[in-house]
Amino acid sequence: METTALENEDKVEYGTFEATVERSRKIEEDLPVNPKKYRVLTGDRPTGKLHVGHLFGSLQNRVRIHKLGVPTYIVIADYQVLTDRDTFENIAENVHQLVVDYISVGLDPEAGNLVIFPHSHVPELNQLILPFLTLVTNAELDRNPTVKEEIQAAGLKRINAGMYVYPVHQAADILFCKGNLVPVGKDQLPHLELTRTIARRFNDRFAKKRSVFPEPQPLLSKAPVILGLDGSQKMSKSRNNAVMLSATEDETVALIKKAKTDADRVITFDPEKRPEVSNLLLLVSLATGEEPDAVAARIGDGGSGKLKAILSETLNEHLRPIRARRRELEAAPDYIKSVLRNGIRDARAVAEQTLSEVRRVMNMEV
Ligand code: TRP
């Protein structure tokens, strides 16, 4: 039996984190110089509205990159929602809200070079999963640390096979458009590594002379992890510690008022010893561009009351235009639908081309 595609299973290189950071830095330098060399593919699961953690962690980065002129694809991974939860009732609404959030933060579908689509509507993308599945082993899928964590976090008693296979689906999300740059957080690096492995093995096996797929690079954002207002874990809607982009100004003030701080009146930026206060300072800094230390110095012995007042004001100010745009878009559901329809059309056109190329090199043309 021919097993060449999998013989290098043990050679999957998980390259060091530092090397990935360094590569990301080099790519960042090159992006403004050669924007058209890259095709960015990134995305989200439609599990609800987005919050300021998303804004500062990933959304602003996407807006910046798209504005540099880099062709940008954003996949809304609706099938992935089914891997770790039973409910599907809200998927359509969540997809809709995600697009509202994207556009209100400044991703502009009218500017061209931006394709926003739910992967459930792109059959040719999904079909790539079948050949890709033959290029990885069960053991490799079983070993994925992010999948393991998600199984734990969701407390799953029975794990559906989709959970083990979704990283292969993610490879199809990235490779269907030959995406070569994937802005992601650290938790997604194992999936990127698998995508690179699949691209490499596909080329080795089926496309020796002229490779079909690029080996996509992860692009790690410089944004630090943003904690929730409880200061103890990542900001997340389900942990009830998030400021939603869609919240009102009054809701924002009330949430920040309840944020956890500590007893020391003198405000200092010290993420190790004072995570709660430092996280609030970081949020001010992200909203104003001022260094966290400078914000702390400005507050001095004003205590957490002053810190919270400043954060409420600066965050509301930063979010004001986003929220105004959001309200306009909420009143224009047909526009959101048209963005999705155009995105699906463009994604399908690319996916059809890639799938026919894949059929050709696999000797499956008729
Ligand atoms: N797994 C990603 C998450 O949970 C979402 C996702 C799906 C994605 N397909 C992708 C991210 C492709 C980047 C590229 O956040």
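Going by the structure above, here's the rest.
Just so it is clear, the structure is predicted and the values come from calculations on it, not from any experiment. (Residues numbered from 1 in each chain as written. Predicted model: local features only at pLDDT ≥ 70, side-chain atom pairs only at ≥ 80, totals over all residues. Heavy atoms only, no water.)

1. Section: the overall build of the protein
Using the following cut-off: Each helix is a run of DSSP H or I of at least 4 residues and each strand a run of E of at least 2, with the numbering of both proceeding from the N terminus. Here the radius of gyration uses the C-alpha set of atoms, whereas the globule reference equals 2.2 Å times the residue count to the power 0.38. Three exposure classes are used, based on accessible area relative to the maximum for each residue type with a 1.4 Å probe and protein chains only: buried under 20%, partly exposed in between, and exposed over 50%. Residue contacts follow a heavy-atom distance rule, with two residues in contact if any of their heavy atoms lie within 4.5 Å. Areas reported as accessible are Shrake-Rupley estimates using a 1.4 Å probe. Residue values count occlusion only from the protein chains shown.
Within the protein, the regular secondary structure consists of 15 helices and five strands. In terms of overall dimensions, the protein is globule-like: its C-alpha atoms have a radius of gyration of 22 Å, near the 21 Å expected for 366 residues. Over its C-alpha atoms, taken along the principal directions, the protein stretches across nearly 75 × 50 × 45 Å. Within the protein, the fraction of its 366 residues that count as buried is 51%. A fraction of 78% describes how many contacts in the protein between residues 6 or more apart in sequence connect residues 24 or more apart. As presented, the protein carries roughly 18,200 Å² of accessible surface, and 52% of it is formed by carbon and sulfur atoms.

2. Some words on helix 3 (residues 52-67)
Selection criterion: At any given residue, the bend is defined as the angle formed between two axes, one fitted to the seven residues that end at that position and one fitted to the seven that begin there.
Where helix 3 bends most, the angle comes to about 40°, and this point is serine 58. Three or more residues of helix 3 are buried, namely Val52, Gly53, Leu55, Phe56, Leu59, Asn61, Arg62, Val63, Ile65 and His66.

3. Quick look at a nonpolar patch on the surface
Worth spelling out the cut-off: Residues forming no salt bridge and having over 30% relative accessible area are the ones grouped into patches, like charges within 9 Å of each other and nonpolar side chains (Val, Leu, Ile, Met, Phe, Trp, Tyr) within 5 Å. A pair is scored as a salt bridge if a Lys or Arg side-chain nitrogen falls within 4 Å of a carboxyl oxygen belonging to Asp or Glu.
Taken together, the side chains of Tyr79, Leu82 and Phe88 define a hydrophobic patch exposed on the protein surface, amounting to about 300 Å² of accessible area. Its location among the elements puts leucine 82 in the loop between strand 2 (72-76) and helix 4 (91-104). Among the residues examined, leucine 82 registers a relative accessible area of 37% and is labelled partly exposed.

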